[in-house]
Amino acid sequence: MQWISVWENDVRDDTHEGLATLFADAYPRSAAKFQGGRSWSGARPELRIIALDGGKPVAHLGILRRFLRTDEGRSLLVGDVGLVAVHSGHRGQGAGGQLLARAAETLDGLAVPFGYLTCGTHVIRFYETGGWRHLEGQVTRMIDNHQRPEVYTGPSMVLPVRAALADWPHGRAVDRNGWEV
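To keep things clear, this report deals only with the structure shown in the data block. (Residues numbered from 1 in each chain as written. Predicted model: local features only at pLDDT ≥ 70, side-chain atom pairs only at ≥ 80, totals over all residues. Heavy atoms only, no water.)

**Looking at the pairing of strand 7 (residues 139-143)**
In the case of a regular strand, side chains alternate between the two sheet surfaces.
Here's step 1: A one-sided burial pattern is seen for strand 7, the buried positions being Thr-140 and Met-142 and the unburied ones Val-139, Arg-141 and Ile-143.
Here's step 2: With four bridges joining them, strand 7 and strand 8 (residues 149-152) adopt antiparallel strand pairing. Across the sheet, residue Ile-143 finds its bridge partner in strand 8, namely Pro-149.
Here's step 3: In this antiparallel pair of consecutive strands, strand 7 and strand 8, the connection spans five residues, and Gln-147 shows a positive phi of 65°. (Buried < 20%, exposed > 50% of the residue type's maximum accessible area, 1.4 Å probe, protein only. Helix = DSSP H or I, 4+ residues; strand = E, 2+ residues; numbered from the N terminus. Pairing = 2+ DSSP bridges.)

**Considerations on the nonpolar core**
Here's step 1: Counting residues in hydrophobic clusters, the biggest one holds 25 residues, and the most contacted among them are Leu-61, Val-81, Tyr-127 and Trp-132.
Here's step 2: Mapped onto this core, the elements with two or more residues apiece are strand 2 (47-53), strand 3 (56-70), strand 4 (75-86), helix 2 (95-109), helix 3 (124-129) and strand 9 (156-160).
Here's step 3: The residues touching Val-81, leaving out its near neighbours within four places in the chain, are Leu-61, Gly-62, Ile-63, Leu-107, Tyr-116, Leu-117, Trp-132 and Val-181.
Here's step 4: Counting 13 residues, the second-largest nonpolar core is a separate cluster that includes Val-11, Phe-23, Trp-40 and Leu-52. (Core = buried A, V, L, I, M, F, W, Y, C linked by side-chain atoms within 4.5 Å. Contact = heavy atoms within 4.5 Å.)

**So, the layout of surface pockets**
Here's step 1: Here the largest pocket is characterised by a volume of approximately 1200 Å³.
Here's step 2: Around the largest pocket, the lining comprises 36 residues; the ones closest to its centre are Tyr-27, Thr-118, Cys-119, Gly-120 and Glu-180.
Here's step 3: Mapped onto the lining of the largest pocket, the elements with two or more residues apiece are strand 4, helix 2, strand 5 (114-118), helix 3, strand 7 and strand 8.
Here's step 4: Ranked by residue count, the leading element in the lining of the largest pocket is strand 4, at six residues.
Here's step 5: The residue inventory of the lining of the largest pocket, partitioned by class, reads 19 nonpolar, eleven polar and six charged. (1 Å grid on protein atoms, 1.4 Å probe; cavity = no way out; pocket = protein on both sides within 12 Å on 5 of 7 lines; lining within 4 Å. Points joined across faces, edges and corners; volume = space filled by probe spheres on them. Nonpolar A, V, L, I, M, F, W, Y, C, P; charged D, E, K, R; others polar.)

**Focus on the environment of Trp-40**
Here's step 1: Examined against the element boundaries, Trp-40 turns out to sit in the loop between helix 1 (13-26) and strand 2.
Here's step 2: Given the relative accessible area of 19%, Trp-40 is considered buried.
Here's step 3: In this structure, the C-alpha to C-alpha distance between Trp-40 and Asp-144, residues 104 residues apart in sequence, is 14 Å.

**Thoughts on the side chain of Ser-39**
Here's step 1: Position of Ser-39 among the secondary structure elements: in the loop between helix 1 and strand 2.
Here's step 2: A polar contact of 2.5 Å, which involves the side chain of Ser-39, links it to the side chain of His-16. (Polar contact = N/O pair within 3.5 Å; in protein donor to acceptor, adjacent residues only side chain to side chain.)

**Re unusual backbone geometry**
Here's step 1: Look at Ala-111: it is not a glycine, yet its phi comes out positive at around 60°.
Here's step 2: Mapped onto the fold, Ala-111 is located in the loop between helix 2 and strand 5.
Here's step 3: Since its relative accessible area comes to 41%, Ala-111 is described here as partly exposed.
Here's step 4: Of note in this structure, Gln-147 is not a glycine but carries a positive phi near 65°.
Here's step 5: Within the secondary structure, Gln-147 is located in the loop between strand 7 and strand 8.
Here's step 6: You can call Gln-147 exposed: its relative accessible area is 61%.

**Some remarks on the pattern of salt bridges**
Here's step 1: Within the structure shown, the criterion is met by twelve salt bridges.
Here's step 2: Where Arg-66 meets Asp-80, a salt bridge forms, and the shortest distance between an N and an O atom there is 2.6 Å. Pair noted here: Arg-66 is in strand 3 and Asp-80 is in strand 4, with a separation of 14 residues, a long-range link.
Here's step 3: Through salt bridges with shared partners, a single network forms among Glu-8, Arg-44 and Arg-48. (Salt bridge = Lys/Arg side-chain N within 4 Å of Asp/Glu carboxyl O.)

**Focus on the environment of Gly-82**
Here's step 1: Mapping Gly-82 onto the fold places it in strand 4.
Here's step 2: Classification of Gly-82 by relative accessible area gives buried; the value is 7%.
Here's step 3: Taking the C-alpha atoms as reference points, Gly-82 and Asp-53, separated by 29 residues in sequence, lie 21 Å from one another.
Here's step 4: Setting aside anything within four residues of it in sequence, one finds Gly-82 in contact with Leu-61, Gly-62 and Val-181.

Structure (structure tokens):
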């Protein structure tokens, strides 16, 4: 596999097409979102980490730097992570672990204090193996795909990058103020 990091403005059309195919495989219930070369669901990432096999994307993680607003009134810079996917034919071969390791390196290079993501309960352990910490009871306010505010009560995860986990706000909610990546 070949690993690349690509800024969003530099992603070629054929790469968007390949990513759309990857996401349709990884997120079958949302496959209709990834039509016509659309390789994003909500907010577009600013930077993508992509694994290629034979020139085709087989793993991906998107990052968007943004400020989260806490219920304590603070603004907190994070690397918001989303669109994490490994093609079904490449799972169980270490690509996911490599993806998380490359994400941690990239987030450090972007000089953010934390990585942040929301996910399903079935992948909490996967992220924990990459150093992410589950924020029990934390909720995330954001804009859903129907462009309405929602409160996501599923798992929120944080990766301490250039700050300690103890520096993460102790409130119960963060405001993403936009779409999930």
